[in-house]
Amino acid sequence: MSPTIQHFTTTKGVKITRDAANDPVSSPIFSPLPVNTGLFINNEFVAAKDGKTLDTVNPSNGKVIAKVSEAGPEDVDLAVHAAEKAYNDVWSKTSGKTRSRLMHKLADILESHAEELAQIETLDNGKGISFSRGFDVAELIQCFRYYAGWADKIHGKVIDTEGAFSFTRHEPIGVCGAIIPWNFPLLMLAWKIAPALATGNTVVLKTSELTPLSGLKFASLVAEAGFPPGVINIITGYGPRAGDALARHSKVGKIAFTGSTNVGRLVMKAAAESNLKKVTLELGGKSPNIIFDDADLDEAVKWAHHGIFFNHGQTCCAGSRVYVQEGVYDEFLKRFSKISRDTKIGDPFDEGNFQGPQVSETQYNRIMSYIEHGIKEGAKVATGGKRHGTEGYFIEPTVFTDVKEDMKIMQEEIFGPVVAVAKFKTLEEVIEKAHLTEYGLAAAVFTQNVTKALEVSALLKAGTVWVNCVNQLDYNTPFGGYRQSGFGRENGKYALDNYTQIKTVKVNLTRSTRST
Ligand code: NAD
Ligand code: MG
C-alpha cells in the first residue's frame, strides 16, 4: 500500500481513507462514498429512467467526487406521483402528533450521523468543517426539532358570524415542490422540508447540481426514521430540466425556491404557465451594512468581516456594501483591511481555516471577472483581489474602496468574498444609498444610540435588519426579502402560512322553514 494512504475513523465511526499524494489539499476521500447516488423516490434509490448522471466536484481540488443520477421530466413525474399517492393514502390521515414524533425521530437520527453529514457537506461544497458541523448540520437538526413542535399546533379560528357557526381550517396543500441552491445545501433542505411536513404536506425536493451529496445522505435516513414511502422525495438534477419540470408540474400545489433572482423569475413563470401553483421565492441580495461614528468600532469591524466573508461570501444576506460614517472611516478601513488580509484561507478540512474554496469553477470565474470589472471601473483594491494557491477555487478576501453607486460591483450580487467600503456623511444620505439596488433581503446598522438604531431599522427596506450584529438567524424569527429579494417568509410561525390553505366552514344555525 502506498505510504500516502491514510485511514481515519471519525468520532462517529465514519471510516475515511485519504491518499495524501493525490490529494494535497488533504480533503478526505470517502472510500466508498457513504452515499447512494440514485434518485430517492418512495423511500428507495432508483436510477434516472434514461440512465443519465451528472458529476459532482470537490471544489478544493477540482476533481470529480461522484456521479449522481440526473433526473429528467419523467423522473420528476414519478416523484410527484409518489408524493401525491403518499399524501392521499397515508399522510393526509396522519395526525399532527405522529408527524411530530417522526420529525423528532429524524432529528435524532440526523444527530447520530452529524459528523458524516458535516464531512460530506464540506467535501462537496468546500465550506469549513467547523462551520459544517457547528452551523449547517446543527441548524438542520434544530430546524426539524423546531417544526416538529408545530406539527400538532396547526389550527384555525372560530369566527363570530350572524346565524352561523363559522370556523377556519388550516389545511395542507398536498404535494409541495422545493428547489434549493448550493450555498447551504442541508440548511435550505431543512427550511423547505420541515415546515412542509409539519403542516401535513408531502414533498419533492431538488438539490443543486453542484452539491447533491448531503441531500442524498439525508434521504437515506428518512426511511430509518419511519416516514411512509413517498412523503419525502429527493431528486438530483439540473435546473432547466428537472427544476423546470417540478416548477411546471400540474400536481404540485406549491413551489418553494431559493436561488438567484433570474431563476426565481423563471420558476414563477413556470408556475403561472402551468397550474398557478403557490410560489415563495428567497432570492439574492446586496445587503448594506451601515456603521455610524458612534459605533463600537471593534465590534463593527468583527461583524463586518463575518457579514461578508462567512461562507466565503456565498450567503444571500452577505453584507457586501459597507457604508462607514466619515468620522471613523479611515480607522475602520485600516482595521477591516487588516483582519480581511489575515483571514485564514485553505483546506476546508483544516479546522484552523476560516475560508475554503468557492463552490465551483464557474463561480470562481464569475467572481474574478467582477473583481477585474471593479478595477477597470476605477475602484481601488485595499486588500486581496487575487487567486489563492494554485489548485481549487480559492479567492483572497477582497476589499474595494473608492466605489461609485452605479458600478457593477455595487449593484450586482457577486456571491463571493468581495466587499465594497464607502464613506457617508449623514443618516439621510446613507438611507438613500442603501436603497440604490434592486434588492432588499437584509441590512445591518452599527451604533450605540438606540434611538438612531430604531429609526434606521424602520427606514430600511429589508426583510431583516440586524443591529450591532449580522447573519444572526433563529427559528422563531422569519427570514425573507423585500423588493426583488423575493417574497414569503421562511422560519418561525410565519413559514407555516406558506404550506397551508385556509378553508372557511359555515354551519347554518337558523331554520329556513319552521314547522310550527
Ligand atoms: P440558481 O438560481 O441558478 O440555482 C438555484 C437552484 O435553481 C438550483 O437547484 C438550480 O438547479 C435550479 N434552477 C436553475 N435553473 C432553473 C430553472 N430554469 N427552473 C427551475 N429551477 C432551476 O443559482 P446558482 O447557479 O446556484 O447560483 C447563481 C447565483 O444565484 C449566485 O451567484 C447568487 O447570485 C444566487 N444565489 C442566491 C442564493 C440565495 O440564497 N439567495 C443562493 C444561491 C445562489
Ligand atoms: Mg460539489
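Just so we're clear, the structure is a prediction, and the values are computed from it rather than from any experiment.

## Description of the sheet that holds strand E8 (residues 164-172)
Then comes step 1: Within the open sheet, the three strands sit side by side as E7-E8-E22. Their pairing is antiparallel. The open sheet has two edge strands, strand E7 (158-161) and strand E22 (500-508), and neither has a second partner. Averaged over all pairs of adjacent strands, the angle between strand axes in this sheet comes to 25°, irrespective of strand direction.
Then comes step 2: Note that E8 and E22 share nine bridges and pair antiparallel. In the strand pairing of E22, Glu171 is matched with Gln501.

## Description of the pairing of strand E18 (residues 418-424)
Then comes step 1: Across the seven residues that make up E18, a large majority, six, are buried.
Then comes step 2: Where strand E15 (residues 321-325) meets E18, five bridges bridge the pair, whose relative direction is parallel. Considered in E18, the bridge of Val322 is made with Val421.
Then comes step 3: Sheet topology note: the strand E17 (residues 398-401)/E18 ladder contains three bridges and is parallel. Across the sheet, residue Val399 finds its bridge partner in E18, namely Val419.

## Brief notes about helix H10 (residues 329-341)
Then comes step 1: Here H10 is 13 residues long and its end C-alpha atoms lie 18 Å apart, about the 18 Å a rise of 1.5 Å per residue gives.
Then comes step 2: Those residues of H10 that sit buried are Tyr329, Phe332, Leu333, Phe336, Ser337 and Ser340. Projected down its long axis, H10 carries its buried residues within an arc of 120°, all on one side. Within H10, the exposed residues directed more than 90 degrees away from the buried face are Asp330 and Lys334.

## Description of the environment of Ser132
Then comes step 1: As for its placement among the helices and strands, Ser132 is situated in helix H4 (residues 129-150).
Then comes step 2: For Ser132 and Pro348, which are 216 residues apart along the polypeptide, the C-alpha to C-alpha distance reads 9.7 Å.
Then comes step 3: For Ser132, the contacting residues outside a window of four places in its chain are Ala118, Glu121, Thr122, Lys127 and Val137.

## Considerations on the coordination of the magnesium ion (ligand 2)
Then comes step 1: Coordination of the magnesium ion (ligand 2) by the protein is provided by Val57 (O), Asp124 (O), Asp124 (OD) and Leu210 (O), with metal-donor distances spanning 2.4 to 2.5 Å.
Then comes step 2: Donor residues for the magnesium ion (ligand 2), ordered by position in the chain, follow V-x66-D-x85-L. One end of the pair, Val57, is in strand E5 (residues 53-58); the other, Asp124, is in helix H3 (residues 114-125), and 67 residues separate them in sequence.
Then comes step 3: Under the relative-accessibility criterion, Asp124 is labelled buried at 1%.

## Details of the UniProt feature "domain: Aldehyde dehydrogenase" (unreviewed entry) in the protein chain
Then comes step 1: Sites flagged by UniProt as "domain: Aldehyde dehydrogenase" (unreviewed entry) map to residues 46-505.
Then comes step 2: As a span, residues 46-505 carries 40% helix and 20% strand, and end to end its C-alpha atoms are 43 Å apart.

## Here's the deal with the UniProt feature "active site" (unreviewed entry) in the protein chain
Then comes step 1: Residues given the UniProt feature "active site" (unreviewed entry) here are Glu282.
Then comes step 2: Within the element layout of this structure, Glu282 appears in strand E13 (residues 278-282).
Then comes step 3: The buried category is assigned to Glu282, whose relative accessible area is 5%.
Then comes step 4: With sequence-adjacent residues up to four places away left out, Glu282 is seen in contact with Phe257, Thr258, Gly259, Leu441, Phe479, Gly480, Gly481, Ser485, Gly488, Arg489 and Glu490.

## Section: the packing of helix H5 (residues 185-198) against helix H6 (residues 213-225)
Then comes step 1: Put simply, H5 and H6 touch, their axes get as near as 8 Å, and they point 50° apart. If you check the angle between H5 and H6, you find them oblique. The element H5 and its partner H6 pack so that their crossing is right-handed. Judged by residue contacts, Pro185, Leu186, Leu189 and Ile193 of H5 engage Ser214, Gly215 and Phe218 from H6.
Then comes step 2: Tallied by class, the residues present in the contact of H5 with H6 amount to five nonpolar, two polar and no charged.

## With respect to the site of ligand 1
Then comes step 1: The immediate surroundings of ligand 1 are formed by 28 residues, with Trp182, Glu209, Ser260, Leu283 and Glu413 found nearest.
Then comes step 2: In this structure, Ile180 approaches ligand 1 through a main-chain N or O atom, which is 2.8 Å from an oxygen atom.
Then comes step 3: If ligand 1 stood free it would expose 800 Å²; the protein chains cover 90% of that surface.
Then comes step 4: Going through the elements one at a time, helix H7 (239-248), strand E12 (254-258), helix H8 (261-273) and helix H11 (361-376) are the ones with two or more residues in the shell around ligand 1.
Then comes step 5: With four residues, H7 is the single largest residue contributor to the shell around ligand 1.
Then comes step 6: In terms of residue class, the shell around ligand 1 is built from 12 nonpolar, 10 polar and six charged.

Cut-offs and rules
Residues numbered from 1 in each chain as written. Chains lettered and ligands numbered in written order. Predicted model: local features only at pLDDT ≥ 70, side-chain atom pairs only at ≥ 80, totals over all residues. Heavy atoms only, no water. Pairing = 2+ DSSP bridges. Helix = DSSP H or I, 4+ residues; strand = E, 2+ residues; numbered from the N terminus. Axes fitted to C-alpha atoms, helices over the stretch in contact; angles between N-to-C directions. Buried < 20%, exposed > 50% of the residue type's maximum accessible area, 1.4 Å probe, protein only. Expected span 1.5 Å × (residues − 1). Arc of directions from axis to C-beta. Contact = heavy atoms within 4.5 Å. Donors = N, O, S within 2.8 Å, 3.2 Å for Na, K, Ca; no water. UniProt positions renumbered as here; feature names shortened; annotations may be inferred. Parallel < 35°, antiparallel > 145°, perpendicular 65-115°, else oblique. Left-handed = near helix turned anticlockwise from the far one by under 90°. Nonpolar A, V, L, I, M, F, W, Y, C, P; charged D, E, K, R; others polar. Near = heavy atom within 4 Å. Polar contact = N/O pair within 3.5 Å; in protein donor to acceptor, adjacent residues only side chain to side chain. Areas by Shrake-Rupley, 256 points an atom, 1.4 Å probe, with all protein chains shown as cover.

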